[in-house]
Amino acid sequence: MSVTPSTVAPQSQSQQQLQLSISGMSCASCVRRVEKALLNVPGVAEAKVNLANEKADIEMAADTQVDALVQAISKIGFNVRDETFELSIIGMSCASCVGRVEKALQQLSGVRVANVNLATESAHIEALAGHLEEAQLVATINKAGYTAEPLSSQRDDEQARKAQEQHSLQRAFWWAFAFTLPVFILEMGSHLIPGMANWVEATLGQTLNWSLQLVLTSLVLFGPGLRFLRSGIPALLRGGPDMNSLVALGSLSAWSFSLVVLLAGDLLPAGTQHVYFEAAAVIVTLILLGRNLEARAKGRTGEAIQKLLSLQVNTARVRRNGQLEEVALDQVRVGDCVLVRPGERIPVDGKVHSGHSYVDESMLTGEPVPVEKQPGDEVVGGTINKNGALECDTTHIGNDTLLAQIIRMVEQAQGAKLPIQALVDKVTGVFVPVVMAMAVLTFLCWLWLGPSPALSFALINAVAVLIIACPCAMGLATPTSIMVGTGRAAELGVLFRKGQALQTLRNTKVVALDKTGTLTKGQPELTDLTVTAGFDKSQVLAQVAAVEQHSEHPIAQAIVAEAKAQQLNIIGPQAFKSLSGLGVCAEVGGQKVEVGADRYLVKLGYELSALSQQAEQLAQQGKSPLYAAIDGKLAAIIAVADPIKEGTPEAITALHQLGLKVAMITGDNKHTAQAIAKQLGIDEVVAEVMPNGKVAALKKLRKQYGAVAFVGDGINDAPALAEANVGLAIGTGTDIAIEAAEVVLMSGDLRAVPNALAISQATLRNIRQNLFWAFAYNACLIPVAAGILYPAFGILLSPMLAAGAMALSSVFVVTNALRLKRFKT
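Computed from a predicted structure; not experimentally measured.

(A) Structural context of the overall build of the protein. If you tally the helices and strands in the protein, you get 29 helices and 31 strands. Evaluated residue by residue, the protein yields a buried proportion of 51% over its 825 residues. A fraction of 68% describes how many contacts in the protein between residues 6 or more apart in sequence connect residues 24 or more apart.

Okay, here's the thing in structure tokens:
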């Protein structure tokens, strides 16, 4: 959306002016529609739309939402463009970090949407065009305590950075483990191994023992564990504590108390002179282990993008000046002739110039059967040429290719924030401060009410509360499921252009389908040809095709196409006449041929009763019957129909099995629509409607059944796709409509619709499982860490066990999300 603030000052403090850049307008009627839509938005006082510069100047109340204007324009089928920024963010570790960055960005004037994703470590920002510079956004994030930079278009650099980060985590963990192990043995071994306490006392003595633990623990805390201190302490000082703050406070508390015991133990109350160096060291080591496991699992969530990226080739074989040259892909230009040999990936989108082959498009459409390609057919970059050489004229390159668009859509969907995330955001916004307050309260309660040594009990339980309550799992619960779910959907040929559709699609109660191009192939075909006695079928078809070959009517084109497919000789007609809405007649090879509907032949005086029963049967099947007469004799009945796509009946059955109502909305006549609906078992039929009438039909269906999803070709159905709760565009090849719908189905097979619904349900179910685990984990274990079980059962949760449980909670959430990779239709 290109939304630029007007340079004209507002008339008063209660008024403001905006200028929107609108695409898609073509005439004065479009201008009136846009103006009317804008004026219907509450708060808009005036709207002037200029067709020449495609801009709308709007005067409105100061509290009018820009989103309301955008939605009003989108609903009538036009586009208002956003200026978007993609940033990479380094240093986030939990849901609190996400909330802090989003809050900082949303406070900037001009920012409309700010979505931060912990799983991808990125931010997607939509802002008023021309209102903000990328540097301002980076500076804002840096000021919040994190490192931001523009998301590199060179994904190899991003992968290298993540690999380096994972290697750094591995190295940090092993160093921490090496230093922690002797500390753990020295302290815990004395409690677990009989006689070891006496051996340590006799060999090292208490002071040397504790001094060794101090040195080793300090190496852990201020070496591998320094990453927690560097991030957590500044965040705490800024008043925005995060997960690193909890770890830093917990480990430093145990280390500092132990240091006091070692250096000035006489100042502490009797019975409290115990060291907890092993707790501090083990906490850091276990959390580093959890981070390692989490990083490895998170790396697998992006495999769908990596698979798509692997489809891109680096070079192309181009014919220039009669010579074949192998050039880098970025040197290929639109119009270049590209040669693709058998077994090679097609480098760019194009149209076959010469050659014949079969192309494997499964990675884009999910369809396993190779598709035949011959001159005139379109090919898509990234698909595999199977068995024949092809020469293709390049039509799209770079970011305009279908594969590049798919990658962008998957990335945008993976970075989306679902409505279900709103609750998580509210909780995590206050979670860490509340946990810190609970830790202080735990410390005070144990210090006041706890048994001797109260100070030791108070310290250990407070540290356990700080460590157990890390909100990592909450922050990862939703984005990891979205990443894996949308990635798996892309592998199946279902592209969630907007991640929010994952949730809204799940709530669908009725699926409304366009007919032409969705339920049917969209190209009429000759389905029946029955001749009367004395006529030859091939000869009649050739003569009828000769008469129809100059007509642009789809039915005429279907007849001619069938005659050509049978390689019949079609000669030129003479004395051609056309009667609009009735039929045509001409002389073909000296014979008079008349072709048309029943009313035309009856008007000419022909008796049709011999074929009336067959005509009725054809009409009941949704076919359009025509008649042909040759030299004054009734020669044949011909039926033309738009055939139902293969897989459509199965798809309708699958939708019914999901408990959904199915409706058909079409501009075709009622009889044809009812015949197709009866054949397919469709519940509701709305026929003879214009595109705007489809919007009214959708509103009626929503009122009757609930949330409605509309499935159309995405080109002529933009208003309906925008009106539906979820719009799904069915398309094949490069004719896919990605702007009008929230979900794009790459194959033309309607079975992709129940597949999209199924993966939506599976992803939301997975998110609910993750959120339940994340919240239940904290709800159950924080009280345990605080010591609620001690009075009745004498059970306390060691800070070491708390660190292990916290690390495992994040790993569990990511691992559960990865189960979606095994989703099957």
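(B) Quick look at the packing of aromatic side chains. One pass over the full model with this rule turns up nine aromatic pairs. Here W446 and F457 contribute two aromatic rings whose centre-to-centre distance is 5.5 Å and whose plane-to-plane angle is 20°, an arrangement assigned as stacked. Of this pair, W446 sits in helix α14 (residues 421-449) while F457 sits in helix α15 (residues 454-468); the two residues are eleven residues apart in sequence, bridging distant segments of the chain. Residue W446 is classed as buried on the basis of its relative accessible area of 9%. Within the aromatic cluster, the residues linked to one another by ring pairs are F173, W174 and F177.

(C) Inspection of the packing of helix α23 (residues 648-657) against helix α27 (residues 752-786) at higher detail. Following both chains from N to C, one finds α23 and α27 inclined at 30°, their axes separated by 8 Å at the closest point. Put simply, α23 runs roughly parallel to α27. Side by side, α23 and α27 meet where A651, A654 and L655 of the first sit next to V753, P754 and L757 of the second. Of the residues in the contact of α23 with α27, the class split is six nonpolar, no polar and no charged.

(D) Inspection of the pairing of strand β22 (residues 574-579) at higher detail. The buried fraction of β22 is low, at zero of six residues. Sheet analysis places β22 next to strand β23 (residues 583-588), joined by four bridges and oriented antiparallel. In the strand pairing of β23, L579 is matched with G583.

(E) Fine view of the pattern of salt bridges. Tallying each qualifying case throughout the model produces ten salt bridges. A salt bridge links E344 to R317, with the shortest nitrogen-to-oxygen separation between them at 3.1 Å. Residue E344 is located in the loop between β12 (337-340) and β13 (349-355), and its partner R317 is located in strand β10 (residues 315-320); the two are separated by 27 residues in the primary sequence. The class of E344 is partly exposed, set by a relative accessible area of 24%.

(F) Just the sheet that holds strand β6 (residues 83-90), in detail. Strand order in the open sheet formed by four strands is β7-β8-β6-β9, with antiparallel pairing between adjacent strands. Of all the strands in the sheet, the pair left with one neighbour each is β7 (111-117) and β9 (147-150). On average, each strand axis in the sheet is inclined to that of its neighbour by 25°, with strand direction left out of account. Seen against the sheet, helix α3 (residues 95-106) touches β6, β7 and β8 (122-127) and runs at an angle of roughly 165° to β7.

(G) The arrangement of the UniProt feature "transmembrane region" (unreviewed entry) in the protein in detail. When the UniProt feature table is mapped to this numbering, "transmembrane region" (unreviewed entry) covers residues 172-193, 208-226, 246-268, 274-290, 427-449, 455-478, 771-790 and 796-818. Each end of residues 208-226 is marked by a C-alpha atom, and these two atoms are 25 Å apart; helix forms 79% of the span and strand 0%. With 85% helix and 0% strand, residues 771-790 has end C-alpha atoms that lie 28 Å from one another.

(H) Spatial organisation of the pairing of strand β20 (residues 510-514). In terms of residue burial, β20 counts as a mostly covered element, since five of its five residues are buried. Burial along β20 is two-sided: V510, A512 and D514 and V511 and L513, pointing in opposite directions, are all buried. Strand direction decides the pairing type here: β20 and strand β29 (residues 708-712), joined by four bridges, are parallel. For A512, the partnering residue across the bridge sits in β29 and is F710.

(I) Broad picture of the sheet that holds β22. Strand order in the open sheet formed by six strands is β21-β26-β25-β24-β23-β22, with antiparallel pairing between adjacent strands. The sheet is open, and its two edges are formed by β21 (525-531) and β22, each paired on a single side. In this sheet, adjacent strand axes meet at a mean angle of 15° when their direction is disregarded. Bridging between β23 and strand β24 (residues 591-596) involves six bridges; their strand directions are antiparallel. Counted as the bridge partner of E587 is K592 from β24. Sitting on the sheet, helix α20 (residues 554-565) is in contact with β21, β25 (624-630) and β26 (633-641), with an inclination near 75° to β21. Packed on one face of the sheet, helix α22 (residues 609-620) meets β21, β25 and β26 and runs near 5° to β26.

(J) Inspection of the packing of helix α19 (residues 537-548) against α20 at higher detail. Contact geometry of α19 with α20 gives a least axis separation of 9 Å together with a crossing angle of 135°. When the interaxial angle is binned, α19 and α20 end up oblique. Of the two possible hands of crossing, α19 and α20 adopt the one that is left-handed. On the side of α19, the interface is formed by L541, V544, A545 and E548, while α20 contributes A556, I559, V560, E562 and A563. When the residues that make up the contact of α19 with α20 are grouped by side-chain class, the tally is seven nonpolar, no polar and two charged.

(K) View of the confidence of the model for the protein. For the protein, per-residue confidence averages 80 on the pLDDT scale, and residues scoring 70 or more make up 85% of the total. Here residues 1-12 scores under 50 on pLDDT; set against residues more than four positions off or in separate chains, the count is 38 contacts. Scored below 50 in pLDDT, residues 733-737 shows 16 contacts in the model against residues more than four places distant or in partner chains.

(L) Just a positive patch on the surface, in detail. On the surface, R506, K509, R765, R768, R819 and R822 cluster together into a patch of positive charge. Mapped onto the fold, R819 is located in the segment after α29 (799-818). The class of R819 is partly exposed, set by a relative accessible area of 38%.

(M) Quick look at the environment of D400. Here D400 shows up in the loop between β18 (390-396) and α13 (402-414). Excluding its chain neighbours within four sequence positions, the residues that come into contact with D400 are D349 and Q405.

(N) Representation of unusual backbone geometry within the structure. Along the chain, S452 connects to P453 via a cis peptide bond; the corresponding omega equals -5°. As for its position among the elements, P453 is in the loop between α14 and α15. For A575, which is not glycine, the phi dihedral falls at a positive 55°. As for its placement among the helices and strands, A575 is situated in strand β22.

(O) Representation of α23. Those residues of α23 that sit buried are T648, A651, I652 and L655. Along the axis of α23, the buried positions cluster into a sector of 100°, meaning they face one direction only. Looking at the buried positions of α23, the neighbouring elements they touch are β20, α18 (515-519), β27 (661-665), α24 (670-680) and α27. Directly after α23, the chain includes G659, whose backbone phi takes a positive value near 85°.

(P) Quick look at the state of the cysteines. This structure, assessed with the given rule, holds zero disulfides. C337 supplies the cysteine sulfur nearest to C392, a cysteine that is in no disulfide, at a spacing of 7.6 Å. Judged by relative accessible area, which is 4%, C392 ranks as buried.

(Q) Local environment of the side chain of H124. Here H124 shows up in strand β8. Take H124: its relative accessible area is 17%, and that puts it in the buried class. Separated by 3.2 Å, the side chains of H124 and E126 make a polar contact. When neighbours within four sequence positions are excluded, H124 is seen to be in contact with T84, F85, E86, V113, A114 and N115.

Calculation criteria
- Residues numbered from 1 in each chain as written.
- Predicted model: local features only at pLDDT ≥ 70, side-chain atom pairs only at ≥ 80, totals over all residues.
- Heavy atoms only, no water.
- Helix = DSSP H or I, 4+ residues; strand = E, 2+ residues; numbered from the N terminus.
- Buried < 20%, exposed > 50% of the residue type's maximum accessible area, 1.4 Å probe, protein only.
- Contact = heavy atoms within 4.5 Å.
- Phe/Tyr/Trp six-rings, centres within 6.5 Å; stacked < 30°, edge-to-face > 60°.
- Axes fitted to C-alpha atoms, helices over the stretch in contact; angles between N-to-C directions.
- Parallel < 35°, antiparallel > 145°, perpendicular 65-115°, else oblique.
- Nonpolar A, V, L, I, M, F, W, Y, C, P; charged D, E, K, R; others polar.
- Pairing = 2+ DSSP bridges.
- Salt bridge = Lys/Arg side-chain N within 4 Å of Asp/Glu carboxyl O.
- UniProt positions renumbered as here; feature names shortened; annotations may be inferred.
- Left-handed = near helix turned anticlockwise from the far one by under 90°.
- pLDDT = per-residue confidence, 0-100.
- Patch = residues over 30% accessible without salt bridge, like charges linked within 9 Å, V, L, I, M, F, W, Y side chains within 5 Å.
- Areas by Shrake-Rupley, 256 points an atom, 1.4 Å probe, with all protein chains shown as cover.
- Lys, Arg positive; Asp, Glu negative; His and termini not counted.
- Charge placed at Lys NZ, Arg CZ, Asp CG, Glu CD.
- Arc of directions from axis to C-beta.
- Disulfide = S-S within 2.5 Å.
- Polar contact = N/O pair within 3.5 Å; in protein donor to acceptor, adjacent residues only side chain to side chain.

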